[in-house]
Amino acid sequence: MRSVPRWALLSSGCAPILLAGGWTVAALLEGPAYDPVTQTISVLGAYGAAGSRVMTGAFLALGICHLLTAWGLRPAAPAGRVALAGGGVAALVVAWVPAPSSGGSLYHGAVAAVGFALLALWPVLAVERGRGAPWGLRIAPSVAVTAMMGLGALWFLVELHRQGSAGVAERLVTCVQSTWPLVVVASCLRHTGGEGSAPTG
């Protein structure tokens, strides 16, 4: 099986930290006017927002991390790597086309939706069906995490429509989406290390 370079652990590990750190700092800059329970992350990166530069930087960093991880995740099926890279590109586009200061943006919303979909689907598309596949690339955990992200995205849409806890739902989904590449990379490195270790006893 093709090995994963160790730098992929850095790129995948930085993704959730930079994203969560970005929305935390941007929310602090925004002050009490911003409600993280009901308002989305895009509000923090909107034109004129106090934390827009921080949030834009976080989106850019997230996109670069996903692109690097997709490049390094050689044991994964090509379709999954392409989907993960596509999610990274979507994050870059979201950074370059922020939401307006008030109201919605069809283009921004469409790009964000495509990014959500690609990052939800990539675990299933990346599955390796061989008997010796790393845990993170096996069918059962991949289907489970894709289903979890799909349900989370559905919850986000419901909360957004009813003007409820959309911020909480979005953060939960994006946390899972940004963390799963790290889980997959770690499982691949552990798998490769196990194969290369000498038998004992």
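Note that the coordinates shown come from a computational prediction; the quantities given were computed from them, not determined experimentally.

### A look at helix 5 (residues 106-125)
Look at helix 5: 27 Å from first C-alpha to last across 20 residues, which is about the 28 Å you get at 1.5 Å a residue. Those residues of helix 5 that sit buried are His108, Val111, Gly115, Phe116, Leu119, Ala120, Trp122 and Pro123.

### Focus: the environment of Arg129
By secondary structure assignment, the location of Arg129 is in the loop between helix 5 and helix 6 (139-161). On the basis of relative accessibility, which here comes to 72%, the residue Arg129 falls in the exposed class. In this structure, the C-alpha to C-alpha distance between Arg129 and Ala46, residues 83 residues apart in sequence, is 42 Å.

### Structural notes on the environment of Ala133
Within the element layout of this structure, Ala133 appears in the loop between helix 5 and helix 6. For the pair Ala133 and Val89, spaced 44 residues apart in sequence, the C-alpha separation works out to 27 Å.

### Digging into a nonpolar patch on the surface
Together, Trp7, Ile64, Leu68 and Trp71 make up an exposed nonpolar region whose accessible area comes to about 430 Å². No other element matches helix 3 (residues 52-72), which puts three residues into the nonpolar patch. Within the secondary structure, Trp7 sits in helix 1 (residues 7-30). On the basis of relative accessibility, which here comes to 37%, the residue Trp7 falls in the partly exposed class.

### A short note on the packing of helix 4 (residues 78-96) against helix 5
Where helix 4 meets helix 5, the closest approach of the two axes is 8 Å, and the angle between their N-to-C directions is 155°. With respect to each other, helix 4 and helix 5 are oriented roughly antiparallel. In the packing of helix 4 onto helix 5, the handedness of the crossing is left-handed. Side by side, helix 4 and helix 5 meet where Ala79, Gly80, Ala83, Leu84, Gly86, Gly87, Ala90, Val93 and Val94 of the first sit next to Tyr107, His108, Val111, Ala112, Gly115, Leu118, Leu119, Trp122 and Leu125 of the second.

### Quick word on the side chain of Arg81
Considering the arrangement of structural elements, one finds Arg81 in helix 4. At 2.8 Å, the side chain of Arg81 and the backbone oxygen of Ala70 are in polar contact.

### A few points about the packing of aromatic side chains
Two aromatic rings are characterised by how far apart their centres lie and by the angle between their planes. By the definition in use, this model includes three aromatic pairs. An angle of 45° between the planes, with centres 5.6 Å apart, marks the rings of Trp7 and Trp71 as tilted. Of the two residues, Trp7 is situated in helix 1 and Trp71 in helix 3; the sequence distance between them amounts to 64 residues. Taking the ring centre of Trp23 as reference, the NZ or CZ of Arg171 above it sits at 5.3 Å.

### Overview of the pattern of salt bridges
All told, the structure shown has one salt bridge when counted by the stated rule. Here Glu159 makes a salt bridge to Arg162, at a shortest N to O gap of 2.7 Å. Arg162 sits in the exposed class, given a relative accessible area of 54%.

What counts, and where the lines are drawn
One numbering rule holds for all chains: residues counted from 1, following each sequence as written. pLDDT decides what is reported in this predicted model: residues at 70 or higher carry local features, side-chain atom pairs at 80 or more are listed and counted, and totals for whole chains, interfaces and linings draw on all residues regardless. Side-chain calculation: all heavy atoms of the structure are included, whereas hydrogens and water are not. Only DSSP runs of H or I reaching four residues or more are called helices, and only runs of E reaching two or more are called strands; each is numbered from the N terminus. Multiplying 1.5 Å by the residue count of a helix minus one yields the expected span of that helix. For every residue, the accessible area (1.4 Å probe, protein chains only) is compared with the maximum for its type, and the residue is labelled buried under 20%, exposed over 50%, or partly exposed between those bounds. Exposure above 30% relative accessible area and no salt bridge define the residues that can form patches, which grow by joining like charges within 9 Å and nonpolar side chains of Val, Leu, Ile, Met, Phe, Trp and Tyr within 5 Å. The Shrake-Rupley method, run with a 1.4 Å probe, gives the accessible areas here. Residue values count only the displayed protein chains as cover. A side-chain nitrogen of Lys or Arg and a carboxyl oxygen of Asp or Glu constitute a salt bridge if their distance falls within 4 Å. With axes taken as lines fitted to C-alpha atoms, and helix axes fitted only over the stretch in contact, angles between N-to-C directions fall between 0 and 180 degrees. Any angle that falls under 35 degrees is termed roughly parallel, while one over 145 is termed roughly antiparallel, one within 65 to 115 roughly perpendicular, and all others oblique. Crossings are assigned a handedness: left-handed for a near helix turned anticlockwise from the far helix by less than a right angle, right-handed for a clockwise turn. Any pair of residues with heavy atoms lying within 4.5 Å of one another is described as a contacting pair. Polar contact criterion, stated in full: a pair of N or O atoms within 3.5 Å, where within protein one must be able to donate a hydrogen and the other to accept it, and residues adjacent in sequence count only if both atoms are side-chain atoms. Stacked, tilted and edge-to-face are the three classes assigned to paired rings of Phe, Tyr and Trp, where Trp is represented by its six-membered ring and a pair needs centres within 6.5 Å; plane angles under 30 degrees give stacked, over 60 edge-to-face, the rest tilted. Put simply, a charge is over a ring when the Lys NZ or the Arg CZ is close to the ring centre, within 6 Å, and near the line of the ring normal, within 35 degrees.

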